[in-house]
Amino acid sequence: MPADKAAALAAIHAEIGDCTRCPLAYAGRRKIVFGDGDPNARLMFIGEGPGADEDASGVPFVGKAGQLLNNMINAMGLKREEVYIANIVKCRPPANRQPEPVEANTCSPFLVKQIDVVQPQVIVALGATAATYVLGVKQSLASLRGEWHSSRGAKVAVTYHPAFLLRDPRQKGEAWKDLQRVMVELGLKAPAKTS
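Residues numbered from 1 in each chain as written. Predicted model: local features only at pLDDT ≥ 70, side-chain atom pairs only at ≥ 80, totals over all residues. Heavy atoms only, no water.

Colleague: What's the story with the overall build of the protein in this structure? I'm lost.
Modeller: Along the protein, the regular secondary structure elements total 8 helices and 6 strands. Listing every helix and strand of the protein by position from the N terminus yields α-β-β-α-α-β-α-β-α-α-β-β-α-α. Radius of gyration (C-alpha) of the protein: 16 Å, near the 16 Å computed for a compact globule of 195 residues. Principal axes of the C-alpha set define a box for the protein whose edges measure 50 × 40 × 35 Å. Accessible surface computed for the protein: about 9,400 Å², of which carbon and sulfur atoms make up 53%. For the protein, the centre of its 24 positive side-chain charges and the centre of its 19 negative side-chain charges are spaced 3 Å apart. (Helix = DSSP H or I, 4+ residues; strand = E, 2+ residues; numbered from the N terminus. Rg over C-alpha atoms; globule rule 2.2 N^0.38 Å. Areas by Shrake-Rupley, 256 points an atom, 1.4 Å probe, with all protein chains shown as cover. Lys, Arg positive; Asp, Glu negative; His and termini not counted. Charge placed at Lys NZ, Arg CZ, Asp CG, Glu CD.)

Colleague: Teacher, can you tell me more about the sheet that holds strand E5 (residues 149-151) here?
Modeller: Pairing between sheet strands relies on hydrogen bonds along the backbone, with the strands arranged either parallel or antiparallel. The strand order across the open sheet built from 6 strands is E1-E3-E2-E4-E6-E5, with neighbouring strands paired in mixed fashion. The two strands at the open ends of the sheet, each matched to only one other strand, are strand E1 (36-37) and E5. Relative to strand E4 (residues 122-126), strand E2 (residues 43-47) runs parallel, the two sharing 4 bridges. Within the sheet, the bridge partner assigned to Ile46 lies in E4 and is Ala125. (Pairing = 2+ DSSP bridges.)

Colleague: Which parts of the structure should I look at to understand the nonpolar core?
Modeller: Soluble globular proteins tend to pack their nonpolar side chains together in the buried interior. Judged by nonpolar contacts, the single largest core of 57 residues is most densely connected at Leu43, Phe45 and Ile46. Broken down by element, the residue count for this core peaks at 7 residues, all from helix H4 (residues 101-118). Apart from residues no more than four positions distant in its own chain, Ile46 is found in contact with Ala86, Asn87, Ile88, Leu111, Ile115, Ile123, Val124, Ala125, Leu126, Ala130 and Val134. (Core = buried A, V, L, I, M, F, W, Y, C linked by side-chain atoms within 4.5 Å. Buried < 20%, exposed > 50% of the residue type's maximum accessible area, 1.4 Å probe, protein only. Contact = heavy atoms within 4.5 Å.)

Colleague: Help me understand the environment of Asn71 in this model?
Modeller: Position of Asn71 relative to the elements: it lies in helix H3 (residues 64-75). Counting along the chain gives 97 residues from Asn71 to Asp168, while the straight-line C-alpha distance between them is 16 Å.

Colleague: I'm lost on H3 in this one. Help?
Modeller: Along an α-helix, residues three or four positions apart point the same way, because every turn accommodates 3.6 residues. Between its first and last C-alpha, H3 extends 17 Å over 12 residues, near the 16 Å set by a 1.5 Å rise per residue. Immediately beyond the C-terminal end of H3, within one or two residues, lies Gly77, with a positive phi of roughly 85°. (Expected span 1.5 Å × (residues − 1).)

Colleague: Hey, could you run me through the state of the cysteines in this one?
Modeller: When the sulfur atoms of two cysteines share a covalent bond, that bond is a disulfide. Per the counting criterion, the structure on display carries 0 disulfides. Left without a disulfide partner, Cys19 is nearest to the cysteine sulfur of Cys91, which lies 6.1 Å away. There is no disulfide at Cys22, and the cysteine sulfur nearest it, in Cys91, is 6.3 Å away. (Disulfide = S-S within 2.5 Å.)

Colleague: Could you clarify how one ought to interpret the pairing of strand E6 (residues 154-159) in this entry?
Modeller: Regular strands place their side chains on alternate faces of the sheet. Of all the 6 residues making up E6, 5 are buried; the element is thus mostly covered by neighbouring parts of the structure. With 3 bridges joining them, E5 and E6 adopt antiparallel strand pairing. The residue of E6 that forms the bridge with His149 is Val156.

Shown next, in the form of structure tokens:
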């Protein structure tokens, strides 16, 4: 089965092609940022959209926010290669603004297909925009955090986007609480601290 999932993801990537379906195609994007990680992952992280580093590399979460996300994943006792990472939109919005509804609604069907292929047990929505499109409800991050939601057969946890945590490091403890609930759900143990 593993090869089938990888092939299925590759087929979605091919279907996207050199996409011109929404205004982001004409807004200066360099690369389409499809997704990254294990096609058989039990845990999937979904962000908002690519930034400059991601647009250059074609890989999600590789800049400063990506480094923080990698640290968060490692703290959960996992490696980045063991999870799957994607975004609501696959092209960088100009000046890293939020995706417009027409952009997100045009692109998110591809994300839905990715979720349906990976079939994660748990999805972590990173930030309010990701939560809005994964859950199909527009609510504040505060009202969505700390509760389990569901989407496409997966349990969904909502937490802060790593880019927000870089701007407001005081919230890192809150984000860690969210991730600890995910760890309990997946039966993960944090790695022992090495002194």
